[in-house]
Amino acid sequence: MLQTAFNGFVTGIIVTLPALAITLLFGVLKFPNFAVGAMMTLAAYMVFALNVQLGWPLVVATVVAAIAFGGFLIVVDYLTFRPLRERGSITLMVASLGLGFVLENIARLAYGNTARSFAIELARPFRFFDIRMNREQMIIIGVSTLAMLAMYVLLTRMPIGRAMRAVADNPALALVRGIESPRIIRWTWFIAGMLLAVGGVLIGMDRALEPPMGSSYLIAVFAAAILGGLGSPLGAFVGALVIGMVSELSTLVIPPNYRIGIPLCVIALILIFRPQGLFGQPYIRK
Amino acid sequence: MTGILTISGLHAGYGAGDILKGIDAALAEGQIVTVIGPNGSGKSTLIKTLAGLLPARQGDIVLAGTRVNDMSAPQRVRSGMSYVPQEYNVFRNLTVLENLQIAREFMSGGRASRGGKVIDDELLALFPELPGKFRALAGNLSGGQRQMLAFACALTVQPKVLMLDEPSAGLSPKYMADIFATVKQVNARGVSIFMIEQNATEALRISNTCIVMANGRVRLNAPADQVLGMQDLHSLYLGDAREELPLAAAS
């Protein structure tokens, strides 16, 4: 029971970073980005290239790739989403689905379908009371927590973070408060790119690197973001932990194969009973 | 006419047709101009066009000698045109303090020094209800408090012109009086004010000039006290827009 809960906590905390990326992007750009899974995959392979092929330490490879990937997403936005910005969220969502296929297959084309892993030493798992935890899980918890704290500081203490929340809250008012939205959009992609790159590395550490690695998390990530309330960073965090724990704990009562259905059930229940999510604001159409 | 804000031959609209069909108006420095008119007369379109949220199709908008037509909304704010929209005028998911910080950081275009107070004491004195509420979410304030916060945000950068879109809309009578008193105080600090209002009588009492709009045109441009004295004031702003107003020539 305790072990299952701990595993669920780790699954949940892996989901926090992409869930936060989705919620930031949704807040500022007002469309659900289904390419986040493939974006994590591609970023993870970038780290693989630096870490395994060039032999850089994983930390350095991750930092460099995260910054590069943030910049890459600004370019992707410029080429893919910016021309469609005035066409409404459905068009942007469909474009993100297409983009996801393209990005995932870039990774597949470059590295094939074989599962790969980062160059990290294996370490013996250790026990803490009755819970067995391995070193990767500790790194995942530590890195995710740090990233979350950094995001909290960014969103509440720094002008650019406040501006991102302001644009998410009321884009027209943001304009007349002097906030240049194109600049905020670029920052949002950059920050989302960094979160997704780190998220991709953590997934690659937890499991293995393979082209569908990111998209396999897509449902859980969306369930977390919707449960927390799309657009609410705190919600994404809480939603991810709840989804992770609930899916993992469900295996105590239902066969593990059906675990994947849990996030879908959560999405359905949330949409029926509290469409704005736990921390979201009811959507008001002006 | 010349002034701090001059509008000439302004056309704007959504889609195929123009809603504004050639607006001429001016705001003299240190004065209050109030625009009234029936629903659908183009008042809101006018103020949105001035704020830069809607492009002008023809005509000029000139702020203190500089044509601002080609400036984006944020650029206009930074050149001294502050705008308080109607109703959705604060970031509801941000705290009062964060709303003020954003105004200070972005409206000034880097002119505001970092550190120091988010809002100076003199300005804060106009809004005595705000200081105790810095940590509250703006969305949890009452309508009147939100309006005060929106004013405070718009004024953090000492604008040349303050544009108000129906500042008393949806407020209780108590707050309505407060709002107009605040508008007057702000004006006394040297800020010229361009205001749209439904509560014509209240608004005109503090105004210098009244502009009556109908069908996207200026029907009357006269001193406010003169308009207040008119027997048929009600028909001016509640009346049927298609009706030819007898006063059209008075400007």
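This structure is a prediction, so every number in the text was calculated from the model and none was measured.

Here the focus is the overall build of chain B. The helix and strand tally for chain B stands at 9 helices and 10 strands. In chain B, which comprises 251 residues, the proportion classed as buried is 45%. Counted over contacts in chain B with a minimum sequence separation of 6, partners at least 24 positions apart contribute 69%.

Further remarks concern the overall build of chain A. From N to C terminus, chain A includes 11 helices and 2 strands. Element order for chain A, N to C, with α for helix and β for strand: α-α-α-α-β-β-α-α-α-α-α-α-α. Relative to the globule expectation of 19 Å for 286 residues, the C-alpha radius of gyration of chain A, 18 Å, shows essentially globular dimensions. The dimensions of chain A, computed from C-alpha atoms along their principal axes, are 55 × 45 × 35 Å. Across the 286 residues that make up chain A, the buried fraction comes to 51%. Within chain A, contacts between residues at least 6 apart in sequence are counted, and of these 76% link residues at least 24 apart.

Glancing now at the packing of helix H3 (residues 96-106) of chain B against helix H5 (residues 143-155) of chain B. All names here are of chain B. Relative to each other, H3 and H5 sit at 25°, their axes nearing to 8 Å. Between H3 and H5, the angle is such that the two are roughly parallel. As H3 runs across H5, the sense of the crossing is right-handed. Along its contact with H3, which presents Val96, Asn99, Leu100 and Ala103, the element H5 presents Leu149, Ala152 and Cys153. Taken together, the residues of the contact of H3 with H5 break down into 6 nonpolar, 1 polar and no charged.

Counting residues in each nonpolar core, the largest one holds 166 residues, and the members touching the most others are Ala43, Val221 and Ala224 of chain A. Once residues lying within four places of it in the same chain are set aside, the contact partners of valine 221 of chain A are Val15, Pro18, Ala19, Ile22 and Val36 of chain A.

A word on the pairing of strand E8 (residues 192-196) of chain B. All names here are of chain B. Counting buried positions over the 5 residues of E8 gives 5, a clear majority of the element. Taking every second residue as pointing to the same face, both faces of E8 are buried, with Ser192, Phe194 and Ile196 on one and Ile193 and Met195 on the other. Pairing between strand E3 (residues 32-36) and E8: 4 bridges, direction parallel. Directly across from threonine 34, in E8, lies its bridge partner methionine 195. Sheet analysis places strand E7 (residues 161-165) next to E8, joined by 5 bridges and oriented parallel. Looking at the pairing, aspartate 165 lines up with isoleucine 196 of E8.

Residues and elements named next belong to chain A. Between the first and last C-alpha of helix H1 (residues 2-29) there are 40 Å, a value that for 28 residues agrees with the 40 Å anticipated at 1.5 Å per step. Of all 28 residues in H1, 22 are buried; the element is thus mostly enclosed. Positive backbone phi, at 60°, marks lysine 30, one or two positions downstream of H1.

Right, let's get into the interface of chain B and chain A. Each side of the interface is counted separately: chain B has 23 residues, and chain A has 17 residues. In terms of residue count, H3 of chain B provides more of the side of chain B that touches chain A than any other element does, 6 residues in total. The class makeup of the residues in the side of chain B that touches chain A is 15 nonpolar, 4 polar and 4 charged.

Attention now goes to the confidence of the model for chain B. Regions with low pLDDT should not have their predicted coordinates read in detail. Residue and element names in this part refer to chain B. Looking at chain B, pLDDT values average 85 and 88% of them are 70 or higher. Of the regions scoring below 50 in pLDDT, residues 239-251 engages in 19 contacts with residues more than four places distant in sequence or in other chains. With pTM at 0.88, the complex prediction returns an ipTM value of 0.86.

All names here are of chain B. In spatial order, the strands read E6-E7-E8-E3-E9-E10; together these 6 strands make up an open sheet with mixed pairing. Each end of this open sheet is capped by a strand with a single partner; those strands are strand E6 (81-84) and strand E10 (217-223). For this sheet the average axis-to-axis angle between neighbouring strands, irrespective of direction, equals 15°. Examined bridge by bridge, E3 and strand E9 (residues 209-214) share 4 bridges and lie parallel to one another. Considered in E9, the bridge of isoleucine 36 is made with valine 212. Across the face of the sheet, H5 comes into contact with E6 and E7 while running at roughly 170° to E6.

Time to look at the sheet that holds strand E5 (residues 66-67) of chain B. Residues and elements named next belong to chain B. As summarised here, the arrangement of the 4 strands in space is E2-E1-E4-E5, forming an open sheet in which the pairing is antiparallel. Because the sheet does not close on itself, it has two edges, and the strands there are strand E2 (20-27) and E5. Looking at chain direction, strand E1 (residues 5-12) and strand E4 (residues 58-63) are connected through 5 bridges and run antiparallel. When the bridges of E4 are listed, histidine 11 appears paired with glutamine 58. Packing against the sheet, helix H1 (residues 43-51) makes contact with E1, E2 and E4, and its axis sits at approximately 65° to E2.

Thresholds, definitions, all that
Residues numbered from 1 in each chain as written. Chains lettered and ligands numbered in written order. Predicted model: local features only at pLDDT ≥ 70, side-chain atom pairs only at ≥ 80, totals over all residues. Helix = DSSP H or I, 4+ residues; strand = E, 2+ residues; numbered from the N terminus. Buried ≥ 20, exposed ≤ 12 C-beta atoms within 10 Å, placed from the backbone. Contact = placed C-beta atoms within 7 Å. Rg over C-alpha atoms; globule rule 2.2 N^0.38 Å. Axes fitted to C-alpha atoms, helices over the stretch in contact; angles between N-to-C directions. Parallel < 35°, antiparallel > 145°, perpendicular 65-115°, else oblique. Left-handed = near helix turned anticlockwise from the far one by under 90°. Nonpolar A, V, L, I, M, F, W, Y, C, P; charged D, E, K, R; others polar. Core = buried A, V, L, I, M, F, W, Y, C linked by C-beta atoms within 7 Å. Pairing = 2+ DSSP bridges. Expected span 1.5 Å × (residues − 1). pLDDT = per-residue confidence, 0-100.

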